[in-house]
Amino acid sequence: MNNRIFEGAHLELGDKPQSVVIAIDGPAGAGKSTVAKLLAKSLGFEFLDTGAMYRAVTYAAITRGIDLSDSQSILILASSLEIQLDGSNVTLNGIDISEAIRTPEVGQSIGAVADNVQVRALLSQWQRDWARGRCVVTEGRDQGSEVFKDSPCKIFLVASNEERAKRRQEELSKKGIDIDLVEILDQQNRRDHQDRIRPVGALRRADDAIEFHTDGLSLEQVVEQLEAIIHQRLSQPTAKINEPHHPSSLSKQSLPASEAE
Ligand code: DC
């Protein structure tokens, strides 16, 4: 793997990490996915889209006619699925569902799956297992705050409501779907609320995450600035990053106090 970031002067070659998790969280529409994917590519890391896991379980429940309010059945279903993630490609029991999980129907039904505490525990464990021994840029809602608490580099990506809604509108327009900005804002507010009040895995910035505002910045500027931040964080001599088989054992206390915000 080309861990370009570690070829600089800050770390000896022998310190090149075998495993490190960069956790990116933030509300819907802040650009996490695009940014995380580009960062992973430029760092030579792998990309983990945790929202795709929640989407895959929701998609499976819908297509199998399982009652989404039946939390036990959803858990049994989730435990039986084989979900494979490879960049943006998602397969469910060997079938490509990369596009199928992005429909409005899946998006509107996902709350019941994301709110299911036992399903969250299962998916969180899958995420840790997936990341073990790898260099990963992961994105979601709870990656820095819950799943990878010991990640040495956490980013909380935010943008104003208006900017997020405008981006969403443009994205939909490219797909030939035209929706009024007010309606998009309304849907976004409801989604934000749902993400923030979730009893477990709620969207929140981890205490040691860097809050990064993307308003007014181009995608290239965001990626470039985040790369610099990541480089700086991972170059901290006290940031324990070379623990190939136990990424979760990385200690956030190992970060200098000045890095705590
Ligand atoms: O990032 P996304 O839009 O693909 O996520 C889909 C949904 O999954 C979103 O409503 C919140 C939920 N989700 C979550 O609860 N925890 C995560 N780590 C990722 C996504």
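Everything discussed here concerns the structure shown above.
Residues numbered from 1 in each chain as written. Predicted model: local features only at pLDDT ≥ 70, side-chain atom pairs only at ≥ 80, totals over all residues. Heavy atoms only, no water.

A. Molecular detail of the packing of helix α2 (residues 50-63) against helix α4 (residues 104-114). At a closest axis distance of 8 Å, the pairing of α2 and α4 adopts a crossing angle of 100°. Between α2 and α4, the angle is such that the two are roughly perpendicular. Of the residues in α4, those touching α2 at Tyr 54, Arg 55, Val 57, Thr 58, Tyr 59 and Ile 62 are Glu 105, Val 106, Gly 107, Ser 109, Ile 110, Val 113 and Ala 114. Here the contact of α2 with α4 is built from residues that sort into eight nonpolar, three polar and two charged. (Axes fitted to C-alpha atoms, helices over the stretch in contact; angles between N-to-C directions. Helix = DSSP H or I, 4+ residues; strand = E, 2+ residues; numbered from the N terminus. Parallel < 35°, antiparallel > 145°, perpendicular 65-115°, else oblique. Contact = heavy atoms within 4.5 Å. Nonpolar A, V, L, I, M, F, W, Y, C, P; charged D, E, K, R; others polar.)

B. Seen up close, the sheet that holds strand β5 (residues 95-96). Overall, antiparallel pairing links the three strands, which are arranged β3-β4-β5 in an open sheet. Every interior strand has two partners, whereas the edge strands, β3 (83-86) and β5, have only one. With four bridges joining them, β3 and strand β4 (residues 89-92) adopt antiparallel strand pairing. In the sheet register, Asp 86 faces β4, and the bridge partner there is Asn 89. (Pairing = 2+ DSSP bridges.)

C. The arrangement of the side chain of Ser 124 in detail. By the element assignment, Ser 124 lies in helix α5 (residues 117-131). In contact with Ser 124, other than residues within four places in its own chain, are Asp 142 and Val 147.

D. Main features of the site of the ligand. The full set close to the ligand counts 15 residues, and Thr 50, Arg 55, Arg 120, Asp 142 and Arg 191 are the nearest of them. Measuring from an oxygen atom of the ligand, one finds a side-chain N or O atom of Arg 120 at 2.9 Å. Here an oxygen atom of the ligand and a side-chain polar atom of Arg 191 are 2.6 Å apart. Protein chains bury 94% of the 440 Å² of accessible surface belonging to the ligand in isolation. Of all the secondary structure elements, the ones that give two or more residues to the shell around the ligand are α2, α4 and α8 (181-197). Per-element accounting of the shell around the ligand gives the leading share, four residues, to α2. (Near = heavy atom within 4 Å. Polar contact = N/O pair within 3.5 Å; in protein donor to acceptor, adjacent residues only side chain to side chain. Areas by Shrake-Rupley, 256 points an atom, 1.4 Å probe, with all protein chains shown as cover.)

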